[in-house]
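Each chain, written out:
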Amino acid sequence: QNSRFAYGAFGYAFDVPNGTYDVELHFAELYYARSGRRSFHVSIEGQLALEDYDIVDAAGGWLRARVETRQVVLRDQQLNVDFSRGSAGFPIINAIKITKVN
């Protein structure tokens, strides 16, 4: 029921030990009732993880939760998750969960 968005790019830097992590990105479109209104990019550790991501399309509708999980290997003790504008609207995130795999 809460989110962070920006009119441009934003990101997070998590200080964690090196290793392999599952990064869960939690989304729910709280503003737009139809697809095509918001489409953005997400990069994890400098690698494109989601391109022109449309939450309404991915979740199957407005006000529905969707979790996207990506596994990353961290070598610099700082896990970076960055959001940037895509083809429509502005980036948004509802929650991020990071779990060490090994």
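Residues numbered from 1 in each chain as written. Predicted model: local features only at pLDDT ≥ 70, side-chain atom pairs only at ≥ 80, totals over all residues. Heavy atoms only, no water.

1. Quick notes on the overall build of the protein chain
Looking only at helices and strands, the protein chain has one helix and nine strands in total. The order of α-helices and β-strands along the protein chain, N terminus first, is β-β-β-β-β-α-β-β-β-β. Relative to the globule expectation of 13 Å for 102 residues, the C-alpha radius of gyration of the protein chain, 13 Å, shows essentially globular dimensions. By residue count, 37% of the 102 residues in the protein chain fall in the buried class. (Helix = DSSP H or I, 4+ residues; strand = E, 2+ residues; numbered from the N terminus. Rg over C-alpha atoms; globule rule 2.2 N^0.38 Å. Buried < 20%, exposed > 50% of the residue type's maximum accessible area, 1.4 Å probe, protein only.)

2. Structural notes on the sheet that holds strand β3 (residues 19-28)
What the three strands build is an open sheet, ordered β6-β3-β9; its pairing is antiparallel. Of all strands in the sheet, those with a lone pairing partner are β6 (65-74) and β9 (95-100), marking the two edges. If you compare each strand with its neighbour and ignore which way they point, the axes differ by 20° on average. Of the pairings in the sheet, the one linking β3 to β6 comprises ten bridges and is antiparallel in character. Bridge pairing in β6 places Leu25 opposite Glu68. (Pairing = 2+ DSSP bridges. Axes fitted to C-alpha atoms, helices over the stretch in contact; angles between N-to-C directions.)

3. Remarks on empty space enclosed by the protein
Scanning the model with the defined rule gives one cavity of 30 Å³ or more in all. Space inside the largest cavity adds up to approximately 30 Å³. Taken together, the residues that form the lining of the largest cavity break down as three nonpolar, two polar and five charged. (1 Å grid on protein atoms, 1.4 Å probe; cavity = no way out; pocket = protein on both sides within 12 Å on 5 of 7 lines; lining within 4 Å. Points joined across faces, edges and corners; volume = space filled by probe spheres on them. Nonpolar A, V, L, I, M, F, W, Y, C, P; charged D, E, K, R; others polar.)

4. Here's the deal with a nonpolar patch on the surface
Side chains of Phe5, Tyr7 and Tyr31 sit close together on the surface and give an oily, nonpolar patch of about 370 Å² of accessible area. By the element assignment, Phe5 lies in strand β1 (residues 4-5). Under the relative-accessibility criterion, Phe5 is labelled partly exposed at 34%. (Patch = residues over 30% accessible without salt bridge, like charges linked within 9 Å, V, L, I, M, F, W, Y side chains within 5 Å. Areas by Shrake-Rupley, 256 points an atom, 1.4 Å probe, with all protein chains shown as cover. Salt bridge = Lys/Arg side-chain N within 4 Å of Asp/Glu carboxyl O.)

5. Quick look at the sheet that holds strand β2 (residues 10-15)
Sheet strands line up and pair through hydrogen bonds in the backbone, either parallel or antiparallel. Taken in spatial order, the four strands make up an open sheet running β2-β7-β4-β5, and their pairing is antiparallel. Since the sheet does not close on itself, it has two edges, and those belong to β2 and β5 (47-53), each with one partner. Across the sheet, the axes of successive neighbouring strands diverge by a mean angle of 15°, strand direction being ignored. Sheet topology places strand β4 (residues 39-44) next to strand β7 (residues 78-88); six bridges connect them, and they run antiparallel. Within β7, the position partnered with Ser43 by the bridge is Asp82.

6. Some remarks on the packing of aromatic side chains
On inspection of all chains with the given rule, the structure shows ten aromatic pairs. Each ring, one from Phe5 and one from Tyr7, has its centre 5.5 Å from the other, and the planes form 85°; the classification is edge-to-face. You can call Tyr7 exposed: its relative accessible area is 62%. On the numbers, 4.9 Å between centres and 45° between planes, the contact of Phe27 with Tyr53 is tilted. Pair noted here: Phe27 is in strand β3 and Tyr53 is in strand β5, with a separation of 26 residues, a long-range link. By relative accessible area, which is 2% here, Phe27 ends up buried. Put simply, the rings of Phe5, Tyr7, Tyr31 and Phe90 touch in pairs and so form one group of aromatic residues. (Phe/Tyr/Trp six-rings, centres within 6.5 Å; stacked < 30°, edge-to-face > 60°.)

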